[in-house]
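Below are the chains, spelled out letter by letter.
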Amino acid sequence: MGITVGDVFTQFPNFKPEDMAKLAGTENYNGRTPISLTRIAHYNGSNAKELSVFVAGREKENYTKLLSENQRTQVNEQAGIKPESSDSESRNKSSAIPSHIPMNVSIFDINKKETA
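What you see is a predicted model, and the numbers here were worked out from it, not measured in a lab. (Residues numbered from 1 in each chain as written. Predicted model: local features only at pLDDT ≥ 70, side-chain atom pairs only at ≥ 80, totals over all residues. Heavy atoms only, no water.)

## What about the overall build of the protein?
Then step 1. Counting its regular elements, the protein contains 8 helices and 2 strands.
Then step 2. Counting helices and strands in the order they occur from the N terminus, the protein gives β-α-α-β-α-α-α-α-α-α.
Then step 3. Going through the 116 residues of the protein one by one, you find that 28% of them count as buried.
Then step 4. In the structure as shown, the protein presents an accessible area of about 8400 Å², 50% of it carried by carbon and sulfur atoms. (Helix = DSSP H or I, 4+ residues; strand = E, 2+ residues; numbered from the N terminus. Buried < 20%, exposed > 50% of the residue type's maximum accessible area, 1.4 Å probe, protein only. Areas by Shrake-Rupley, 256 points an atom, 1.4 Å probe, with all protein chains shown as cover.)

## Comments concerning the nonpolar core
Then step 1. Of all hydrophobic cores here, the largest spans 22 residues; its most connected members are V8, F15, L23, I40, L51, V55 and Y63.
Then step 2. Mapped by element, the contributors of at least two residues to this core are helix 1 (5-11), helix 2 (17-24), helix 3 (37-42) and helix 4 (48-59).
Then step 3. Of the residues forming this core, the biggest block, 5 residues, is contributed by helix 4.
Then step 4. Look past the residues within four positions of Y63 in its chain and what remains in contact with it is L37, I40, A41, S52, V55 and A56. (Core = buried A, V, L, I, M, F, W, Y, C linked by side-chain atoms within 4.5 Å. Contact = heavy atoms within 4.5 Å.)

## What about helix 4?
Then step 1. Spanning 12 residues, helix 4 covers 16 Å between terminal C-alpha atoms, matching the ideal 16 Å at 1.5 Å per step.
Then step 2. Positive backbone phi, at 50 degrees, marks K60, one or two positions downstream of helix 4. (Expected span 1.5 Å × (residues − 1).)

## Remarks on the pattern of salt bridges
Then step 1. Considering all chains together, one arrives at 2 salt bridges under this definition.
Then step 2. A salt bridge links R72 to E69, with the shortest nitrogen-to-oxygen separation between them at 2.8 Å. With R72 and E69 both in helix 6 (residues 69-79), this residue pair falls 3 residues apart, about one helical turn.
Then step 3. Residue classification places E69 among the exposed positions, given a relative accessible area of 54%. (Salt bridge = Lys/Arg side-chain N within 4 Å of Asp/Glu carboxyl O.)

## Some words on the side chain of S52
Then step 1. Tracing the sequence through the fold places S52 in helix 4.
Then step 2. Each residue touching S52, except ones within four places of it in the same chain, is listed here: Y63, L67 and V75.

## Examining helix 2
Then step 1. Looking only at helix 2, the buried set comprises D19, M20, A21, L23 and A24.
Then step 2. The positive-phi residue at the C-terminal boundary of helix 2 is G25, with phi of around 85 degrees.

## Observations regarding the confidence of the model for the protein
Then step 1. In the predicted model, the protein carries a mean pLDDT of 78, and 74% of its residues have values of at least 70.
Then step 2. For the protein, the element scoring lowest by mean pLDDT is helix 7 (residues 87-94), at 53; helix 1 scores highest, at 90. (pLDDT = per-residue confidence, 0-100.)

## Description of the side chain of D7
Then step 1. Topologically, D7 is positioned in helix 1.
Then step 2. For D7, the side chain forms a polar contact with the main-chain nitrogen of T4, separated by 3.1 Å.
Then step 3. Those residues in contact with D7 that lie beyond four places of it in its chain are G2, F54 and R58. (Polar contact = N/O pair within 3.5 Å; in protein donor to acceptor, adjacent residues only side chain to side chain.)

This is the structure we're talking about:
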């Protein structure tokens, strides 16, 4: 997806051009200039918290994994993002192949026994 200069100016019309130059990494930017998620994660200027929540709402985990644990928790709460539950881990554990398989049993038979 990606965040552009135009996205930020649309969401925050009062964003300072000098702060945008820091985010974009250049003073020669236009509305289609992409902004690195890493730059946004490390940005501390005006509207930093609001910008972080906006980007988290659009980019979700791609952005929040760049934040520290404390920042990630705060941004997730403010953006209304629910952290991934451990349901996927429990599903992976329950569908694991047993470590000991008798020599006269096919791996295809094991799956049939579990579903039967």
